[in-house]
Amino acid sequence: MNQTTTEIPLLDLRGTPCPINFVRTKLKLQQMSPGLLLEVWLDPGEPIEQVPDSLTIEGYHIKTIEDRQDFFSLKVYRL
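Residues numbered from 1 in each chain as written. Predicted model: local features only at pLDDT ≥ 70, side-chain atom pairs only at ≥ 80, totals over all residues. Heavy atoms only, no water.

Draft legend 1. Examining the pairing of strand 3 (residues 61-67) more closely. In terms of strand pairing, strand 3 meets strand 4 (residues 72-77) through 6 bridges, oriented antiparallel. Each bridged residue has a counterpart across the sheet, and for Asp67 the counterpart in strand 4 is Phe72. (Pairing = 2+ DSSP bridges. Helix = DSSP H or I, 4+ residues; strand = E, 2+ residues; numbered from the N terminus.)

Draft legend 2. Spotlight on the side chain of Glu39. Summarising the element assignment, Glu39 is placed in strand 2 (residues 37-42). With relative accessibility at 12%, the residue Glu39 sits in the buried group. Only 2.7 Å separates the side chain of Glu39 from the side chain of Ser73, close enough to count as a polar contact. (Buried < 20%, exposed > 50% of the residue type's maximum accessible area, 1.4 Å probe, protein only. Polar contact = N/O pair within 3.5 Å; in protein donor to acceptor, adjacent residues only side chain to side chain.)

Draft legend 3. Layout of the pairing of strand 2. Of all 6 residues in strand 2, 6 are buried; the element is thus mostly enclosed. Side-chain alternation along strand 2 places Leu37, Glu39 and Trp41 on one buried face and Leu38, Val40 and Leu42 on a second face that is also buried. With 3 bridges connecting them, strand 1 (residues 10-12) and strand 2 associate as parallel partners. Bridged to Leu10 within strand 2 is Glu39. Bridging between strand 2 and strand 4 involves 6 bridges; their strand directions are antiparallel. Within the sheet, the bridge partner assigned to Leu37 lies in strand 4 and is Tyr77.

Okay, here's the thing in structure tokens:
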């Protein structure tokens, strides 16, 4: 299934502490259809260091991590 950029759901977790940000990301991915992409906004520091690794361990595929100065944009596939 192909998604356009405007169809990619956004989960803004800035200000959300670990491990809550990982749990919310995982729950959102589980609600999505396989093959779809989710964009997650995370704070610098522990969130961007921990969440991508935890998602990879759970079997999700990280497409990109983009530094947007005040936060990070993580794009992850629901497999």
